[in-house]
Structures are given as C-alpha cells and as structure tokens.
Amino acid sequence: MAQADLSSPARLQQAAVPAMTPLRRFLMRFNRLFDDARLLPVLLIAPVLIFFIVWNVIPTLWMIGLSFYRYQISIPDSLAFLGIDNYTDIIRDRAMWQGLSRTFIWVFFGVGIQTLLGMVLGFLFWGSKSMPGRRLALTLLFTPMIVTPVAAGLFFRLIYEPTFGILNWFTQSFFGQEVLLLQNPEVAFWAVLFVDIWMWTPFMILITLAALASVPKAEMEAAEIDRLSWFDRIRYIILPHGKYILMLGILLRTIDSFKTLDLVYLMAVPGSTTKLIAILLRESAFEALNVGWSSALAIILLLTAIAFTSIYLYILNLNSKAKAKEVAT
Amino acid sequence: MNRARGWRKTAYHVLLWVIALIFFAPILWIIMGAFKTTDGILAVPPQFVFVPTLDNFVDLFNRPNVLRYLGNSILMSSASVGIAIVVAFLAAYAFSRFKPRGTSFLMFMLLSIRMVPAVAVVIPVSLMYSALQWKDTYFGMIMIYAMFSIPFSVWILKGFVDGVSQRYDETALINGGSRWHIIFRVILPQVAPGLVAAFIFNLIFVWNEFLFSLILGGRDTTSIPVSFSTDLYSDGGVDWTFTASMATVYMIPPILSILFFQKYLLVGMTFGTVRGEV
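Quick notes on the rules
Residues numbered from 1 in each chain as written. Chains lettered and ligands numbered in written order. Predicted model: local features only at pLDDT ≥ 70, side-chain atom pairs only at ≥ 80, totals over all residues. Heavy atoms only, no water. Helix = DSSP H or I, 4+ residues; strand = E, 2+ residues; numbered from the N terminus. Rg over C-alpha atoms; globule rule 2.2 N^0.38 Å. Buried < 20%, exposed > 50% of the residue type's maximum accessible area, 1.4 Å probe, protein only. Contact = heavy atoms within 4.5 Å. Lys, Arg positive; Asp, Glu negative; His and termini not counted. Charge placed at Lys NZ, Arg CZ, Asp CG, Glu CD. Domains from an automatic or database assignment. pLDDT = per-residue confidence, 0-100. 1 Å grid on protein atoms, 1.4 Å probe; cavity = no way out; pocket = protein on both sides within 12 Å on 5 of 7 lines; lining within 4 Å. Points joined across faces, edges and corners; volume = space filled by probe spheres on them. Nonpolar A, V, L, I, M, F, W, Y, C, P; charged D, E, K, R; others polar. Phe/Tyr/Trp six-rings, centres within 6.5 Å; stacked < 30°, edge-to-face > 60°. Polar contact = N/O pair within 3.5 Å; in protein donor to acceptor, adjacent residues only side chain to side chain. Buried area = accessible area lost by both parts, 1.4 Å probe. Expected span 1.5 Å × (residues − 1). Axes fitted to C-alpha atoms, helices over the stretch in contact; angles between N-to-C directions. Parallel < 35°, antiparallel > 145°, perpendicular 65-115°, else oblique. Left-handed = near helix turned anticlockwise from the far one by under 90°. Salt bridge = Lys/Arg side-chain N within 4 Å of Asp/Glu carboxyl O.

*Asks:* When you look at the overall build of chain A in this model, what are you seeing that I'm missing?
*Replies:* On a plain count of helices and strands, chain A comes out with 14 helices and 2 strands. For chain A, whose C-alpha radius of gyration is 28 Å, the value lies well above the compact-globule estimate of 20 Å for 329 residues. Over its C-alpha atoms, taken along the principal directions, chain A stretches across nearly 90 × 75 × 40 Å. Looking at chain A as a whole, 46% of its 329 residues qualify as buried. Contacts in chain A between residues at least 24 apart in sequence constitute 66% of all its contacts with a sequence separation of at least 6. Taken together, the 26 basic and 21 acidic charged side chains of chain A have centroids lying 9 Å from each other.

*Asks:* How should I be thinking about the domain arrangement of chain A in this particular structure?
*Replies:* When the parts of a complex come together, some accessible area is lost, and that lost area is often taken as the interface size. Entries for chain A in the domain assignment read domain 1 (14-57) and domain 2 (85-328). Here the C-alpha centroids of domain 1 of chain A and domain 2 of chain A sit 44 Å apart.

*Asks:* I keep staring at the confidence of the model for chain B and nothing clicks. Help me out?
*Replies:* Atomic detail in the predicted coordinates should be set aside for any region of low pLDDT. Taken over all residues, the pLDDT of chain B has a mean of 89, while the share at 70 or more is 98%. The spread of mean pLDDT over the elements of chain B runs between strand β1 (residues 233-234) of chain B, the lowest at 68, and helix α4 (residues 66-97) of chain B, the highest at 94.

*Asks:* Before we go on, may I ask you to explain the layout of surface pockets in this structure?
*Replies:* Leftover empty space is mapped by rolling, across the atoms, a probe with the size of a water molecule. The computed volume of the largest pocket comes to approximately 1,100 Å³. Of all the secondary structure elements, the ones that give two or more residues to the lining of the largest pocket are α5 (94-126), α9 (185-213), α10 (217-225) and α11 (230-258) of chain A together with α1 (2-34) of chain B. If one sorts the elements of the lining of the largest pocket by residue count, α1 of chain B sits on top with 6 residues. Looking at the lining of the largest pocket residue by residue, the classes come out as 15 nonpolar, 3 polar and 10 charged. Roughly 660 Å³ of volume is contained in the second largest pocket. What lines the second largest pocket is a set of 21 residues, and nearest its centre among them are L316 and S320 of chain A together with W155, K158 and D162 of chain B.

*Asks:* What is the right way to read the packing of aromatic side chains from this model?
*Replies:* Describing an aromatic ring pair means giving the distance of the ring centres and the angle of the ring planes. What the rule picks out here adds up to 31 aromatic pairs over all chains. Here the aromatic residues F51 and W55 of chain A together with Y129, W134 and F139 of chain B are joined through ring pairs into a cluster of three or more.

*Asks:* Any chance you could explain the side chain of Q72 of chain A here in plain terms?
*Replies:* Residues and elements named next belong to chain A. With respect to the helices and strands, Q72 occurs in the loop between β1 (69-70) and β2 (80-81). In this structure the side chain of Q72 is engaged in a polar contact, spanning 3.4 Å, whose partner is the backbone oxygen of A288. Those residues in contact with Q72 that sit more than four places away from it in its chain are S78, A288, L289 and N290.

*Asks:* What exactly am I supposed to notice about unusual backbone geometry here?
*Replies:* Negative phi characterises most residues that are not glycine, and trans characterises most peptide bonds. Residues and elements named next belong to chain B. For K99, which is not glycine, the phi dihedral falls at a positive 40 degrees. Assignment of secondary structure puts K99 in the loop between α4 and α5 (103-115). At D136, a residue that is not glycine, the phi angle is positive and equals roughly 60 degrees. Tracing the backbone through its elements, the reader meets D136 in the loop between α6 (118-132) and α7 (138-162).

*Asks:* Help me understand the domain arrangement of chain B, please; the structure alone is not making it clear to me.
*Replies:* All names here are of chain B. Domain annotation for chain B reports domain 1 (2-56) and domain 2 (64-269). Just the C-alpha atoms count here: the centres of domain 1 and domain 2 sit 33 Å apart. Domain 1 puts 11 residues into the contact, and the matching count from domain 2 is 7 residues. Together, the buried faces of domain 1 and domain 2 total about 700 Å²; carbon and sulfur atoms form 85% of this surface.

*Asks:* Looking at this structure, I do not really get α5 of chain B. What am I missing?
*Replies:* What sets the pattern is the α-helix's 3.6 residues per turn: residues three or four places apart point alike. Along its 13 residues, α5 of chain B runs 19 Å from first to last C-alpha, staying within 8% of the 18 Å computed at 1.5 Å per residue. Most of α5 of chain B sits out of view: 10 of its 13 residues are buried.

*Asks:* Is there a simple way to explain the packing of α5 of chain B against α7 of chain B in this structure?
*Replies:* Helix-helix packing is characterised by the crossing angle of the two axes and by the distance between the axes. Residues and elements named next belong to chain B. Two elements in contact, α5 and α7, have axes separated by 9 Å at closest approach and are oriented at 130 degrees. The pairing of α5 with α7 is recorded here as oblique in orientation. For the pair α5 and α7, the sense of crossing is left-handed. Taking contact as the criterion, the partners of M107, L110, L111, I113 and R114 in α5 are, on α7, M147, F148, S149, P151, F152, V154, W155 and K158. Residues that form the contact of α5 with α7 fall into these classes: 10 nonpolar, 1 polar and 2 charged.

*Asks:* It is not clear to me how the interface of chain B and chain A should be interpreted in this structure. Could you clarify?
*Replies:* Contacts between the two partners involve 103 residues from chain B, matched on the other side by 103 residues from chain A. Between chain B and chain A, roughly 9,300 Å² of surface is buried when both sides are summed, and carbon and sulfur atoms account for 81% of that area. For the pair chain B and chain A, the number of links is 0 salt bridges. Applying the counting criterion to the chain B and chain A interface returns 12 residue pairs in polar contact (both at pLDDT 80 or more). Broken down by element, the residue count for the side of chain B that touches chain A peaks at 15 residues, all from α1 of chain B.

Shown next as structure tokens:
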C-alpha cells in the first residue's frame, strides 16, 4: 500500500526527491510495462504457452507425423511412408483388441467396486465430525491413494508371496489351502485389480464426502422433520445436490484407471492376463521400438482422452450452473 | 436412553477407526517389516510381535546410491513444482482477469494433457529428448515434470484467483498501483492457500511419478520409484528389508502432507476442479 496516495501533491513531490538512478528508472519502466492492457496478458501467459508448445505441441505434431510412417529404431533405414497403414494395422491387431477389452474389464470392475464401496463407506463417515482423532483416522484412510504406486505393487507382492506371504499363511492355517495369486495367470488379473481397488476406494470415499457436504443442512433437517425414508432422502435431496460431484469423481477415476501402468508393471505377472492397453503401448514403443505403430496407437489414446475430458468439462459446467442456480434462489 | 446413545456413538467411532485401520493395514505391515531382520520378514508364521531393529535403516543409508536417488527425487520434484507454480500463477491471473480469446480452449487442452495416458505423452517427448540429448539431464527431467505440473496448477490457481473479487484490482489500480503490485502484493497473499494446495499435491504426484523417470531418466537422474523397479534384487530374490525400509522412508513426506494439509485433499486430488472441505 506504499503507492496508495501516488496522485496526491505531497506524494508527487516526494517521488521527485529520490535520485533517479538508471537502475531505478529501469525498474519503474519495467513495472509499468506490465500496465499495458494488451501486452500484459500475453506476457503473463507466455511462459505457460512456451512450456505447452515445446513440451507438448511440437512432440505431439512430431508423433502425428511419425504415425504415418514405418519407423523401427532397432532396424536401420526402416523409415518408410505408409499412409494410414499403421492405423488399419492396429484395428486388425488381435493383441491390441484383447488388451483393450481387458482394460475395459479392468475399468468397469475396478471403478464400479470402488464407487459402490466408496459410497457406502463415505456415507458411514458422513457423521464423523465429532470423532476423536478424526484427522489421524482420515489420514490413515486416505494414505493408500498417495502412496507411490510402484511401492504399493511391491507391498502386495510381499503379501501375496506364496511361501512366506501373510495372505498365504492365513489361508493355509484357516482353510488349509495354498493360494497362488500372481503366479496363476487366471487369477493374477483380479489379484492386481484388488490392489487398485484398495488404492482408490479412499478416493471415492473422499468424493462421496464432498458430495454429501454439498447438501444443505436445512433440507436434511426438513426431511427429518417430515420423516422421509432414507431411500427418499437419497433420491430427493442428496442425489440432486451431490450427483455432479459424484459424476466428476467417477469420471476422473475412469480416466485414471484407463491409464494404469505403474502398479501392473511392478507386479509383473508371467503370461499376459494383465497386459492393459498402457502396458502394451509401453512394450511396443520402448521394447519392440516400433515407433511408427506406437505413435498411431498413442494418437488413438490421445483422442480418447480428449473425448473424456470434454465430457468431464461438460459435467463440471453443469455443476457450476446448478450451484449458481442454488445461490440465486 | 442417554447412556445407550453414548454407547452407540462409541461403537460407531470404533467402527470408523477399524475401517481406517483396515485400509492402512498393508502399509502398516510394510512399516513393521522395515523394523524386522530379513529372517523376521520371511518367517512363517508371520511375526506380529518382534524386537524392532534399526539395522535396515543403517544399511539403507550406507548403500552407495540411495542418498543420491533420494536427493534426485527431492531436487526434481521441488524444482519442477516450484517453476510450475510461478508460471501457472501468472497465467492463472491472466486467464481469470483478462479472459483473452481462447482461454477456455487452452484450459481444456491443459486439462486434457493430464488425462492422456502417460505413455502416449512420453513417446514423442522421448524422441525429442533423444534428438536434443536432453535424456538423463536434470534440465530435461525438471522441465518435463514442470510441464506435467502446470495444467493442474493453472486449474487450481485460476479457481482461487476467480474467488478474489475484481474490486481489489480496481481499487489498487485507481490508487495508482501497478499491475505488478496487484499481482504480487494484492492477489498473491489472498490465494496463498491455493498456492500451498497446488504445491503439495503436485509435489506428491511428481514424487510418486514412475514412467517419465524410467524412460527419460538414466544413471544420473534415477529417482526412488525407478530404483524400486531396478535395485531391489539381491541373490536372485527381492531384497525385502531394503524394499520395506526404503518404502517407509519414501512414504513419510506424502503421509505428513496429507496429515497437515488435509483440508486441501479434495481440491488436490481432483486437479483443482472440485472445491470444498471434507
């Protein structure tokens, strides 16, 4: 607030007194440069734009270009123009379709179970405001989602370990049965999915709590006075207020679950039942070094992600509109 | 009546604590493992009560590369997030106040960067890095992580700047304040919580990031998550004491940050799109 009364005469006189060293003049000019209403926004956004262009737009354009070529780093002189052959190849590729359908199963069951479980537990935690040690309990509850995914994969490798893992000890001493989870391709997929569910159910609990927090207290109290059944309370009060936040949470989880790589990579299972689409892409790009083909697949995933993002923003808009309406009425 | 209610409340709170502990149990098991001897970890039946030892931590920090990897993780995450926050704050102010043409398109593109599978992003970047010889350099790693952190920071900070009334800007302008003054002296203090939230959660994301580091990094810039996938084998098997103690050390910062900054958890985990407290 030092410059608050710059226009008063006293201030003007004062401003003339400090010696106008070149540095000071430069600094003042520099400061005033920012006041140009046309220049300022450009200057402020420029750094982000530079990052965006150098680290995203240029590489992506490069990749779009390469997706029309045969380009295999391991084979010299393999660069050849193919047109859309890479894309038609991908559409005909069986492994890719298997990976994709596996990914859909992964997303469907993973996000589905996380959502159901998260909503139930979120409801349970709704009335926990007066709980002793709530902050610590919530920290413990939310820890799985901020743990390094690679490390989480390792934890469960130790737990699932057939000879000395705690899970196996448990099943052997109570059911007399040995379980092979990661070593058995048929169940490995579900064993890894279980870890994903463990990691991300807390996220859906968080989202459910946020959705519940957006329900006005007065309406819940009115419902209590009217003795509305819980089913009706959910249907007429909680869902209309919280549905958009829930939808955003589910969508965000869907997008994230679609990209799963670290966890599966580290739990590295023999066979191919856990080869999700991101894993396939990593293998073709960085092990088979088949850059042209991988670029084409990456472009397809990119477009899918953009489509998901537009749905996300659409719901986000609905949410803010609904909120604005609430404030207006 | 009152007493019955008190019992029910206690039972309810105990139930919630049990649920929280169930979710924490696998992590607790690893933390316990970090204080066991190798034989203790591999013991059948599993040891629930044991004499804790600090040998694993002594061994961990005496390993040749662990401190360097840890330093890499700290340096790369804090430097990249620092750069991202400064850059994103300026842009967020511009997007919020001037709404230049294409604002919504840019915001959309920024968000979609975060939605794309990381492999799809890393393929072209890795080609570019090979050509420019930026692979395995701190510059390259910090810049790609900054790029990775910018979208989220812009989104979260724009939300916070939008929340500061334009009246503040106008008042300052009328009184002769420069835009520079407005941005750093008037707006900045008011969006400090947003800066903290953006900083903390980007830090956690970069801290845990694996794929960029695996593909774009190398000997010099190995971070801890990558070392988990490469350094943990000894004598043909997984070195569990190393894994457990390393994981325990590495988990401390994220756990502490959600303990102390719990009220930013929601905005942090939703890329700044959903605001509120839980």
